[in-house]
Amino acid sequence: MRTPTLNGASATAPAQHGDHVALLEARHLVKAYGGNIAVADVSLDLQASQILGIVGPNGAGKSTVGGLIAGSVHCDEGEVWLSGRRIDKLPRWQRARAGLSRTFQLSSEFARLTVMENLLAGSELREFSSVRYGLLGRHRWKAVEERQVDHARALLHEFQLERYENEYANRLSGGQRRLVEIMRALMGQPKVLLLDEPMSGLNERMINEVGTHLARLRHEGLGMLLIEHNVDVVGAFADRVMALGEGRVLASGTAEEVMTNEVVMNVYLRG
Amino acid sequence: MSSAFQAYLTSALLYVLLYTIASWGLNLQFGAAGIINFGFIVFQAIGAYTVAIFSIGHSGLVAGAQTAFAAFSLPFPIPLVLAVAAGAAASAVVGVVVLRRVKRDYQAVVLFVLALIALYVVDAIPGFLNGSAGLALIPQPLAPNAAPGAGYDWAFLGGVAVLAVLCWAFVRALHESPYGRALRAMRENDAAAEALGYNLFSLRMTAFCVGGGLAALTGGIFAYFLTTWSPAGWGYEETFWLFTAVIVGGMGNLGGIFVGALVVVGLQQAFQYIPSVGSSEVGVALQVGLAALLTIVFLWLRPQGILPERLHRIYGRPRGAIEVAPEATEEPEVVGAHADA
């Protein structure tokens, strides 16, 4: 069994680093819209406690790669593996239940739900979201809800948003809503968190605040895929960086290696 | 109180209760799950015809010189239970096609067209459900005779009031559960809800079926109370009256929807005292136009309705003073040093 590497050749099993199966692996992803190729043979892998940044100018295919991994965009070719399980044939909701959570490029908080309800919606209470439990299973979900409320309050405390617990999410600032989205994704205790431009529209203070939280989550073992337009943001927070251009991988490595790559610099200067 | 006034009063109150129950069903679909069901009235009609078919019997068909594809004479409440089952089952069939394959805005169009097709089919095929004349002589449940009088009407109303309380408890339990929260999350942002692991099709289907079942329940009760049911009673405009009740009363607020139903039935009753202008069609057009105008005014000036959807606080924890930070609009600049753990 061959062991694939970043951008490596195809293999029949997930990438392994030492004794560890890659937390997330995407192999040879291809997506075309008509004759327009959006993603061409992109492969990547992500380990636990790691932030992999994906950068590129507008139209580079960053969000499409994110969509292919999360399931919002269907792959023409390629495979996606999560903790040794192939997930590219699964619908979006099953990928999420398998442990792949995501945030969106545009704010996607549930506006007319309170902050606490936003967080509970992301928790394991989703397993009880059926008519049967709604009518007959209160004794079963109520205990779980109490635990999840405690968990949510702990998260709100960590993110310093506890005072907004019972406010509608749309009454928070843009940065606070971003944090609510991240907390909501974390409530499901994912293995991998896909962050699609989480810093867009934020000021420098909020970017650093979000970044500090991401660093803490990495320390706690979470693997994160950070899709960003802003190379400085990715350079500051990611462990490894992959640069895309016109749907292809231009370079990958450390932030410094990628940002000093001549091809990448040319693409950014053109963009 | 004269018997005529008692009959009027019980009838008006019954309409309020049935509009309320039906609107709770519509609210579950529209207010909670975000499904715009412009064919809602069809499921009420399914309930009414089911009660008629399963209670009228062959003797009823013969006595009324009417035709139907089938007729049984089952005792109350079996026809009503079958009506709810038929409404939910029909919703499941329609839902498989509409909710899986068609996107949200187009769902509204497809369901509206479905309502028109159903109406025209029933109207055009007399042997199916007696065409435009409809089915009459539907026996009232537990009635001592064909004209049981005011006492029976009050008892009937009392029974429906008890049923309305049970329906309120039923819908409220769903609203307050993780299922209700999931529906509201899906309403707010379906892509985000799916990304959290919610099966959107399953959520929509169940809301659609429960709403269809409630619609059928009210249709069945209407058929029992009126003892007749025909296409004239379930035109597409009836769906818009229910939407008016939901929007005016307050989408997502069960008490508000009761208020909305009061407003709608009050308006319908008020029209009876306005001198008729032109033909009866003009009167109906004016009524529907007023309902539409009222809906537009509320959507424009008070979209949350008379009683807005309430804030779902968890465990009633004290509400903190809100300090909304200013929106960050400036483009981020160079970020500081690597924020390592």
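In this text, all values refer to a predicted model and were calculated from it rather than measured experimentally.

Participant: Describe the sheet that holds strand β6 (residues 77-82) of chain A, with residues and values.
Facilitator: Strands in a sheet are paired, the pairing made by backbone hydrogen bonds, and the direction either parallel or antiparallel. Residue and element names in this part refer to chain A. The four strands are arranged β4-β3-β6-β7 in an open sheet whose pairing can be described as antiparallel. Lying at the two open borders of the sheet, with one neighbouring strand each, are β4 (36-46) and β7 (85-86). As paired strands, strand β3 (residues 24-33) and β4 are joined by seven bridges and run antiparallel to one another. By the bridge assignment, Tyr-33 is partnered in β4 with Asn-36.

Participant: Lay out the domain arrangement of chain A with the relevant residues and their values.
Facilitator: Residues and elements named next belong to chain A. Per the domain assignment, the segments of chain A are domain 1 (16-109 + 172-270) and domain 2 (112-171). Computed over C-alpha atoms, the centres of domain 1 and domain 2 are 26 Å apart. If you look at the interface, domain 1 gives 13 residues, while domain 2 gives 17 residues. With nine residues, the single largest contributor to the side of domain 1 that touches domain 2 is helix α6 (residues 174-187). Taken together, the residues of the side of domain 1 that touches domain 2 break down into seven nonpolar, three polar and three charged.

Participant: Can you lay out the packing of helix α3 (residues 78-101) of chain B against helix α9 (residues 200-226) of chain B for me, pointing to particular residues and giving the numbers?
Facilitator: Running from N to C, α3(B) and α9(B) cross one another at 145°; their axes reach a closest spacing of 7 Å. Where α3(B) crosses over α9(B), the handedness of that crossing is right-handed.

Participant: Just give me the short version of helix α5 (residues 138-158) of chain A, but keep the residues and values in it.
Facilitator: In a regular helix each residue adds 1.5 Å, so 21 residues correspond to 30 Å; α5(A) covers 29 Å between its end C-alpha atoms and thus fits that length. Every buried residue belonging to α5(A) is among Trp141(A), Glu145(A), Gln148(A), Ala152(A) and Leu156(A), and all of these are buried. Down the axis of α5(A), the buried side of the element spans an arc of 85°, and every buried residue falls inside it. Along α5(A), the residues that are exposed and aim more than 90 degrees away from the buried face are His139(A), Ala143(A), Glu146(A), Arg147(A), Asp150(A), Ala154(A) and His157(A). Elements in contact with the buried residues of α5(A): α3 (115-121), α4 (131-136) and α6 of chain A together with α7 (178-188) of chain B. Of the residues one or two after α5(A), Gln160(A) is the one with positive phi, at around 55°.

Participant: So what about helix α10 (residues 236-249) of chain B? Which residues, and what values?
Facilitator: All names here are of chain B. Taking 1.5 Å as the rise per residue, α10 with 14 residues should run 20 Å; its terminal C-alpha atoms sit 20 Å apart, in good agreement. The buried fraction of α10 is high, at ten of 14 residues. Within α10, burial applies to Thr-239, Trp-241, Leu-242, Phe-243, Thr-244, Ala-245, Val-246, Ile-247, Val-248 and Gly-249. A positive phi of about 135° marks Gly-250, the residue just after α10.

Participant: Go over the pairing of strand β10 (residues 223-228) of chain A with me, naming the residues and quoting the values.
Facilitator: All names here are of chain A. The element β10 is largely enclosed, with a buried count of six among its six residues. Side chains Gly-223, Leu-225 and Ile-227 project from β10 onto one buried face, and the interleaved Met-224, Leu-226 and Glu-228 project onto a second face that is buried too. In this sheet, β10 lies alongside strand β5 (residues 51-55) in parallel orientation, the contact comprising five bridges. Directly across from Leu-52, in β10, lies its bridge partner Leu-225. Strand direction decides the pairing type here: strand β9 (residues 192-196) and β10, joined by five bridges, are parallel. Across the sheet, the residue bridging to Val-192 is Gly-223, located in β10. Viewed along the sheet, the connection from β9 through helix α7 (residues 204-219) into β10 turns out right-handed.

Participant: How would you summarise the interface of chain A and chain B if you had to cite specific residues and measurements?
Facilitator: Contact with chain A, which involves 61 residues of that partner, is made by 47 residues of chain B. Along the lines of polarity and charge, the residues of the side of chain A that touches chain B split into 27 nonpolar, 20 polar and 14 charged.

Participant: Quick one: what's the story with the sheet that holds β5(A), residue by residue and with numbers?
Facilitator: Residues and elements named next belong to chain A. Taken in spatial order, the six strands make up an open sheet running β8-β9-β10-β5-β11-β12, and their pairing is mixed. Of all strands in the sheet, those bounded by a partner on one side alone are β8 (100-103) and β12 (248-253). Within the sheet, the average angular offset between the axes of one strand and its neighbour, ignoring direction, is 20°. Pairing between strand β11 (residues 240-245) and β12: five bridges, direction antiparallel. Of the residues in β12, the one forming a bridge with Ala-243 is Ala-251. Each of β5, β8, β9, β10 and β11 is contacted by helix α1 (residues 62-70), which is oriented at about 150° to β9, the strand it contacts most.

Participant: Could you give an account of the nonpolar core, naming the residues involved and the relevant values?
Facilitator: The tendency in soluble globular proteins is for nonpolar side chains to be buried as a group. By size, the foremost hydrophobic cluster in this structure holds 176 residues, and its most contacted members are Leu225(A), Leu226(A) and Ala52(B). A total of 14 residues in this core trace back to one element, the largest contributor, which is α9(B). Residue-level mapping places this core at the junction of two domains, with at least three residues from each of domain 1 (16-109 + 172-270) and domain 2 (112-171) of chain A. In contact with Ala52(B), other than residues within four places in its own chain, are Leu135(B), Ile138(B), Ala223(B) and Trp229(B).

Participant: Could you give an account of unusual backbone geometry, naming the residues involved and the relevant values?
Facilitator: At the junction of Phe76(B) and Pro77(B), the peptide bond is cis and its omega measures out at 5° in the coordinates. When you line up the elements, Pro77(B) lands in the loop between α2 (40-63) and α3. Backbone geometry places His28(A), a non-glycine residue, at a positive phi of 50°. The class of His28(A) is partly exposed, set by 18 C-beta atoms lying within 10 Å. One non-glycine residue, Asn130(B), adopts positive backbone phi at about 65°. As for its position among the elements, Asn130(B) is in the loop between α5 (126-129) and β1 (135-136).

Participant: Residues and numbers for the environment of Gly247(A), please.
Facilitator: Topologically, Gly247(A) is positioned in the loop between β11 and β12. Beyond its immediate sequence surroundings of up to four residues, Gly247(A) is in contact with Ile37(A), Ala38(A), Val39(A), Ala40(A) and Gly61(A).

Participant: Which residues make up the packing of α10(B) against helix α11 (residues 254-271) of chain B, and what values do they have?
Facilitator: Helix packing geometry: the angle between the two helix axes and the distance between the axes. Residues and elements named next belong to chain B. Viewed as axis vectors pointing N to C, α10 and α11 meet at an angle of 130°, and their least axial separation amounts to 7 Å. Considering the angle they form, α10 stands oblique to α11. The way α10 lies across α11 gives a crossing that is right-handed. On α11, the residues that touch Trp-241, Thr-244, Ala-245, Val-246, Val-248 and Gly-249 of α10 are Gly-256, Ile-257, Phe-258, Val-259, Gly-260, Ala-261, Val-263 and Val-264. Of the residues assigned to the contact of α10 with α11, the class counts are ten nonpolar, four polar and no charged.

Participant: Explain the confidence of the model for chain B to me, using residue names and the numbers behind them.
Facilitator: Parts of the prediction with low pLDDT should not have their coordinates interpreted in detail. All names here are of chain B. Summing up the model confidence of chain B, the mean pLDDT is 89 and the portion of residues at 70 or higher is 91%. Across chain B, the element-wise mean pLDDT spans from 86 in helix α12 (residues 280-301) up to 97 in α9. Across residues 317-341, confidence stays below pLDDT 50; counting only partners more than four residues off in sequence or on other chains, it has 53 contacts.

The rules we used
Residues numbered from 1 in each chain as written. Chains lettered and ligands numbered in written order. Predicted model: local features only at pLDDT ≥ 70, side-chain atom pairs only at ≥ 80, totals over all residues. Pairing = 2+ DSSP bridges. Helix = DSSP H or I, 4+ residues; strand = E, 2+ residues; numbered from the N terminus. Domains from an automatic or database assignment. Contact = placed C-beta atoms within 7 Å. Nonpolar A, V, L, I, M, F, W, Y, C, P; charged D, E, K, R; others polar. Axes fitted to C-alpha atoms, helices over the stretch in contact; angles between N-to-C directions. Left-handed = near helix turned anticlockwise from the far one by under 90°. Expected span 1.5 Å × (residues − 1). Buried ≥ 20, exposed ≤ 12 C-beta atoms within 10 Å, placed from the backbone. Arc of directions from axis to C-beta. Right-handed = clockwise from strand over helix to strand, strands pointing away. Core = buried A, V, L, I, M, F, W, Y, C linked by C-beta atoms within 7 Å. Parallel < 35°, antiparallel > 145°, perpendicular 65-115°, else oblique. pLDDT = per-residue confidence, 0-100.

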